[in-house]
Amino acid sequence: MSFFKSLCLAIFATIFLTYVLGVSFIELLDVDIYMGEHIVEPLKAISVSALVVVMLVLVAIAIAMSVFGSLIFVAMLVIGSGAMLLIGVFWPIFLIAGVIWLLARDKRPVQC
């Protein structure tokens, strides 16, 4: 399925579900939304409620990403500091092992 076709179907499904669920929610709970003295049409009420839900979802995503992002950042700091500590303590051993490996490795014969 092409990207444009998938995008159109996703937009249609989102609009359809928002309208159907919004209308059924308004009718089920018998909710009327007023602005001043005037009653707001059901379609406008649905759009307002959908906008509020989108804002709440964005806030929830921001909070979740900041919490998990900070946990991942702290974990990476701990792992990185442990690696730097090990390298700092054992760097002479790593250097000697590297030199021994370079001198003792099997050398391939040169192909002519």
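Residues numbered from 1 in each chain as written. Predicted model: local features only at pLDDT ≥ 70, side-chain atom pairs only at ≥ 80, totals over all residues. Heavy atoms only, no water.

1. A short note on the overall build of the chain
Stage number 1. Counting secondary structure elements, the chain contains two helices and two strands.
Stage number 2. Secondary structure elements of the chain occur, N-terminal to C-terminal, as α-β-β-α.
Stage number 3. Compactness check: the chain gives a C-alpha radius of gyration of 31 Å against a globular reference of 13 Å for 112 residues, more than 25% above the reference.
Stage number 4. Structurally, the chain occupies a C-alpha span of about 90 × 45 × 20 Å along its principal axes.
Stage number 5. Within the span of the chain, comprising 112 residues, buried residues form 4% of the whole.
Stage number 6. For the chain, the accessible area works out to roughly 10,300 Å², and carbon and sulfur atoms hold 79% of it.
Stage number 7. The average position of the 5 basic charges and that of the 6 acidic charges among the side chains of the chain differ by 43 Å. (Helix = DSSP H or I, 4+ residues; strand = E, 2+ residues; numbered from the N terminus. Rg over C-alpha atoms; globule rule 2.2 N^0.38 Å. Buried < 20%, exposed > 50% of the residue type's maximum accessible area, 1.4 Å probe, protein only. Areas by Shrake-Rupley, 256 points an atom, 1.4 Å probe, with all protein chains shown as cover. Lys, Arg positive; Asp, Glu negative; His and termini not counted. Charge placed at Lys NZ, Arg CZ, Asp CG, Glu CD.)

2. Describing the packing of aromatic side chains
Stage number 1. For the coordinates displayed, the defined rule picks out zero aromatic pairs.
Stage number 2. Taking the ring centre of Trp 101 as reference, the NZ or CZ of Arg 105 above it sits at 5.5 Å. (Phe/Tyr/Trp six-rings, centres within 6.5 Å; stacked < 30°, edge-to-face > 60°. Lys NZ or Arg CZ within 6 Å of the ring centre and 35° of its normal.)

3. Regarding helix 1 (residues 3–29)
Stage number 1. The first and last C-alpha atoms of helix 1 sit 38 Å apart over 27 residues, in line with the 39 Å expected at 1.5 Å per residue.
Stage number 2. The positive-phi residue at the C-terminal boundary of helix 1 is Asp 30, with phi of around 50°. (Expected span 1.5 Å × (residues − 1).)

4. Concerning a nonpolar patch on the surface
Stage number 1. Together, Met 84, Leu 85, Leu 86, Ile 87, Val 89, Phe 90, Trp 91, Ile 93, Phe 94, Leu 95, Val 99 and Leu 103 give the surface a local cluster of nonpolar side chains, amounting to about 1,300 Å² of exposed area.
Stage number 2. In this structure, Leu 103 sits in helix 2 (residues 42–104).
Stage number 3. Leu 103 sits in the exposed class, given a relative accessible area of 65%. (Patch = residues over 30% accessible without salt bridge, like charges linked within 9 Å, V, L, I, M, F, W, Y side chains within 5 Å. Salt bridge = Lys/Arg side-chain N within 4 Å of Asp/Glu carboxyl O.)

5. A word on the environment of Ser 66
Stage number 1. As for its placement among the helices and strands, Ser 66 is situated in helix 2.
Stage number 2. Sequence separation between Ser 66 and Ala 97 is 31 residues, and the spatial gap between their C-alpha atoms is 42 Å.

6. Comments concerning the confidence of the model for the chain
Stage number 1. Per-residue pLDDT for the chain has a mean of 79; in total, 92% of the residues score no lower than 70.
Stage number 2. The secondary structure element of the chain with the lowest average pLDDT is helix 1, at 75, and the one with the highest is helix 2, at 82. (pLDDT = per-residue confidence, 0-100.)

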